[in-house]
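# A look at the structure
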Amino acid sequence: MFCIKCGDDVSPKRVALGYKTCLSCGETLAKQYKHCIVPLHKSNYQPITDLSLLKGINSKVCPV
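Residues numbered from 1 in each chain as written. Predicted model: local features only at pLDDT ≥ 70, side-chain atom pairs only at ≥ 80, totals over all residues. Heavy atoms only, no water.

This next bit is on the overall build of the protein. Secondary structure summary: the protein contains three helices and two strands in total. The helix and strand sequence of the protein, counted from the amino end, reads α-α-β-β-α. Put simply, the protein has 64 residues, and 16% of those count as buried. Contacts spanning at least 24 positions in sequence make up 2% of the contacts within the protein whose residues lie at least 6 apart. About 5700 Å² of surface is accessible on the protein, with carbon and sulfur atoms providing 60% of the total. (Helix = DSSP H or I, 4+ residues; strand = E, 2+ residues; numbered from the N terminus. Buried < 20%, exposed > 50% of the residue type's maximum accessible area, 1.4 Å probe, protein only. Contact = heavy atoms within 4.5 Å. Areas by Shrake-Rupley, 256 points an atom, 1.4 Å probe, with all protein chains shown as cover.)

The following block contains the structure:
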């Protein structure tokens, strides 16, 4: 299989894991993805990828 980004060969082991990019292109894509893990009140940890969601969570006032 060939990489969908650069056209180089992709390792059969990466293809078996479901990756469609070579190792170097995959690393470049992984560096572009950013997220933050936020502990929610009386709940679990939640990954946030949109900054507006994080601002919305921080602006909520908990009723007493």
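When you line up the elements, Thr-21 lands in the loop between α1 (12–16) and α2 (23–32). Residues in contact with Thr-21, not counting those within four places in the same chain, are Cys-3, Ile-4, Lys-5, Val-10, Arg-14, Gly-26 and Leu-29.

Attention now goes to the confidence of the model for the protein. For the protein, the mean per-residue pLDDT works out to 81, and 84% of the residues sit at or above 70. Looking at the elements of the protein, mean pLDDT is at its lowest for helix α3 (residues 51–59), recorded as 72, and at its highest for α1, recorded as 93. (pLDDT = per-residue confidence, 0-100.)

A separate point is a nonpolar patch on the surface. Nonpolar side chains collect at one region of the surface, where Met-1, Ile-4 and Val-15 lie side by side and expose about 280 Å² of accessible area between them. Along the chain, Ile-4 falls in the segment before α1. (Patch = residues over 30% accessible without salt bridge, like charges linked within 9 Å, V, L, I, M, F, W, Y side chains within 5 Å. Salt bridge = Lys/Arg side-chain N within 4 Å of Asp/Glu carboxyl O.)

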